[in-house]
Each structure stands twice: as C-alpha cells, then as structure tokens.
Protein chains: 2
Amino acid sequence: MLRGVALRVTRPRVAVLSAVHDHPHADTDSIIGVVREDLGEVSHQAVYDVLRALTVAGLVRRIQPTGSVARYESRVGDNHHHVVCRSCGAIADVDCAVGTTPCLTASDDHGFTIDEAEVAYWGRCPECVAATSAASGG
Amino acid sequence: MLRGVALRVTRPRVAVLSAVHDHPHADTDSIIGVVREDLGEVSHQAVYDVLRALTVAGLVRRIQPTGSVARYESRVGDNHHHVVCRSCGAIADVDCAVGTTPCLTASDDHGFTIDEAEVAYWGRCPECVAATSAASGG
DNA sequence: CCATTTTCTGGAATTACTCAAGGGATGGAA
DNA sequence: TTCCATCCCTTGAGTAATTCCAGAAAATGG
C-alpha cells in the first residue's frame, strides 16, 4: 500500500497508517498516542511528517472543522462530508446529499474555478441530545 | 447597534465593528491593524475579546477555512457560504446554492440533530487562474 | 459626582505546528 | 548477502495564533 505510492515502508509509517484506519477522525495527538502504544517512543515530528506524506500521497485525508485541530481519516477518493457535534466534537461521515457532486454549483461563483465543495454539518450527536433532554427535560 | 445586544459602547468595540464591516473576511491581525489606525494603540487582547463578544452576540460571524486563521464577517443571519482560493486564500461570499436551506438534509445523519450546513467551495480565484494560465500557457 | 460593574492593558503561557541538522534505516544493485 | 546512495527519523529549537491572569481605567446607573 505504501509502495503503491512510492513511499518507503517504515515502522512509523505502517503504524500511523494503521492508526488512521483504526481511529477515523482522530487528531494528531491521539494518533501519536496510538502509534507509541504500538512502537514505543516515536517523535511527534515523525508522526507529523508521516501524516503529511500520506496526505500528499492521497492515502489519508486531512480535515479540520472550525475550532478543531487537524484530524485524519482513511476514506479517500469519495467526496463524502462530515457531521460535527457542537457539544463533544464527535465526527461522523455523511455521503453526498444530492447525487454525486452536490452543491458543487454555486449560485454565483464570482469567477472562481471551483473544484471541490466541502460540507460540514453542525449539530448535536445522539449522546449529547439524550444527555441534554434528560437533564433539562426539554 | 451594540446597545441592541446589551453590550456597552466603547471605542474599541465600535472600531472593531466598523473594521469588520469595512473589511469582510479579514483575519484578526488585519483587524488589529485597522483598529490601531483608527484609535492608536489598542491591545490585541481587547480585539480578541471584542471579536468573541460580537460573535457570541451575533453581530459578526467567525469563519475559519482549513489552513487559515480565524476570519470575521459582518453578514449574519443569512446562511450564505464561501468560496476560497487555494492559491492566495481570497474569500468571496456565495449565496445558498439551492433554495433556502440547501444541503441541510444529509443522506444519513447518523442520528445527529443538524442545525446548520456549512459549505466551503475550494478552487482558484480569477486572478490566480489568469496568472497561472499566463505563466504556463495552460 | 460616586460606587459598582465591566472592559482594557500588558505580559506570560499554552497549543499546534514547522524548520533545521545529523545519525540511522531502507531499497536497489552487484 | 553485501554495499552504497537516498530518504527517513530523532533531537532541539523556533514560530504563529490564541488564551489566561492580575491590575488599572472607563462606562453605567443613581
């Protein structure tokens, strides 16, 4: 898999790639933790570097909702979107809402050449909704 | 306007509010510069604090495209979106693409209670497209 | 004009991330 | 397998954006 994109196979890279696959939407710090459980001591710089290399190579995708640090996921190649919980920050995948390229046609693009539409749905996850309604009764 | 949201009227607040109105999509540092041209020396902390207060009060809206610092705009209340240039970071407003609440219906919301759909269109602004085609011929 | 409340100032601290140099591991060739 | 050139990882420092803290000034209400 790494060889497929002309990257050398090293333990940190394998561990980071596995971590992203096993923990979708994990932030850099979490990934560092997972990798260290796997390999022992690994520098944060290595993880940052590997994540960048994997992102450039297209093996992982970097997302960054407003107010959050960078997060990574292994679903690439499909233009899916995300729903983010305002309370706990949980993220879930959402497939394209309408057809294959939803919303890619802006009403007025101001002359921009648009190649991607990134959609972030904001709301509350089921757990937070349940917790709130249980506490406040409404 | 400030009184309308129960905020005290101070010179820094008026200056920040004006700056956001005059410079849509400006980042915090630019706003600090504009405010200081207006009032002389103002602490960055005051500007950060005012921007947060105005955001909470709903007088300005905070946006933060991936890879960019926080930016502020005065268009609030309408659910418009943004198109961002990958080359120079320029931002322009885009009205809702379809109807009044476009894309607000996710194909599978995973049980989330969604209240907002934030769309970021990524591409190249007219200037950058022109510069590239002039340089590379393609 | 005075007391209270809120805001502004100035500095330090935190977080996420980047830059730079050198030793070590990896992949290819013999 | 062995050797070498290349690329990667480690260490350490450094940057940028933002937040926290304590004291002083200003705005508000009477």
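The rules behind each value
Residues numbered from 1 in each chain as written. Chains lettered and ligands numbered in written order. Predicted model: local features only at pLDDT ≥ 70, side-chain atom pairs only at ≥ 80, totals over all residues. Heavy atoms only, no water. Pairing = 2+ DSSP bridges. Helix = DSSP H or I, 4+ residues; strand = E, 2+ residues; numbered from the N terminus. Contact = heavy atoms within 4.5 Å. Buried area = accessible area lost by both parts, 1.4 Å probe. Salt bridge = Lys/Arg side-chain N within 4 Å of Asp/Glu carboxyl O. Nonpolar A, V, L, I, M, F, W, Y, C, P; charged D, E, K, R; others polar. pLDDT = per-residue confidence, 0-100. Buried < 20%, exposed > 50% of the residue type's maximum accessible area, 1.4 Å probe, protein only. Expected span 1.5 Å × (residues − 1). Least-squares fit on C-alpha atoms with pLDDT ≥ 70 in both. Arc of directions from axis to C-beta.

(A) Seen up close, the pairing of strand β6 (residues 113-124) of chain A. As defined by bridge partners, strand β4 (residues 81-85) of chain A adjoins β6(A) across four bridges and the pair is classed as parallel. Considered in β6(A), the bridge of A:Val83 is made with A:Tyr121. Relative to strand β6 (residues 113-124) of chain B, β6(A) is paired through eleven bridges, and the arrangement is antiparallel. Opposite A:Thr113, over in β6(B), you have B:Arg124 as the bridge partner.

(B) Representation of the interface of chain B and chain A in the model. Every contact between the two is made by 38 residues of chain B and, on the other side, 39 residues of chain A. Across the interface of chain B and chain A, roughly 3,000 Å² is buried in total on both sides, 55% from carbon and sulfur atoms. The interface formed by chain B and chain A contains four salt bridges. Here A:Arg86 ties to B:Asp115 by a salt bridge, and the two come within 2.6 Å at their closest N and O atoms. The set of elements that each furnish at least two residues to the side of chain B that touches chain A consists of β4 (81-85), β5 (91-94), β6 and α4 (126-136) of chain B. At twelve residues, the largest contribution of residues to the side of chain B that touches chain A is made by β6(B). Its residues assigned to classes, the side of chain B that touches chain A comprises 21 nonpolar, nine polar and eight charged.

(C) Structural view of the confidence of the model for chain A. The predicted model of chain A averages 85 in pLDDT, with 85% of residues at 70 or higher. By mean pLDDT, helix α4 (residues 126-136) of chain A is the weakest element of chain A at 78, and strand β3 (residues 71-73) of chain A is the strongest at 95.

(D) Up close: the pattern of salt bridges. With the rule as written, the count across this model stands at twelve salt bridges over all chains. Residue A:Asp95 pairs with A:Arg75 through a salt bridge whose shortest N-O separation is 3.0 Å. Residue A:Asp95 is located in the loop between β5 (91-94) and β6, and its partner A:Arg75 is located in the loop between β3 and β4; the two are separated by 20 residues in the primary sequence. Residue A:Arg75 is classed as partly exposed on the basis of its relative accessible area of 30%. Across the salt bridge formed by B:Glu41 and B:Arg36, the nearest N and O atoms sit 3.4 Å from each other. Relative accessible area serves as the criterion here: at 30%, B:Arg36 is assigned to the partly exposed category. Linked through salt bridges whose partners overlap, the residues forming this network are A:Arg75, A:Asp78, A:Asp93 and A:Asp95.

(E) View of helix α1 (residues 11-22) of chain A. All names here are of chain A. Between its first and last C-alpha atoms α1 spans 16 Å; for twelve residues at 1.5 Å apiece the expected length is 16 Å, and the two agree. Burial in α1 covers these residues: Arg13, Ala15, Val16, Leu17, Ala19 and Val20. On its buried face, α1 is in contact with α2 (28-39), α3 (44-57) and β3.

(F) Structural context of the relation of the copies chain B and chain A. Relative to chain A, chain B is turned by 179 degrees and slid 0.0 Å along the rotation axis, the superposed coordinates differing by an RMSD of 0.2 Å. In short, the pair behaves as if placed about a two-fold rotation axis. For chain B, the residue whose C-alpha comes nearest the rotation axis is B:Val119, separated from it by 2.2 Å. Both copies contact each other with a shared surface, as 100% of the interface residues of chain B are interface residues in chain A too.

(G) Examining α2(A) more closely. Residue and element names in this part refer to chain A. Spanning twelve residues, α2 covers 16 Å between terminal C-alpha atoms, matching the ideal 16 Å at 1.5 Å per step. Here α2 has its buried residues at Thr28, Ile31, Ile32 and Val35. For α2, the angular spread of the buried residues around the axis is 105 degrees, confining them to a single face. The exposed set on the far side of α2, more than 90 degrees from its buried face, consists of Asp29 and Glu37. If you follow the buried residues of α2, they end up packed against α1, β1 (26-27), α3 and β3.

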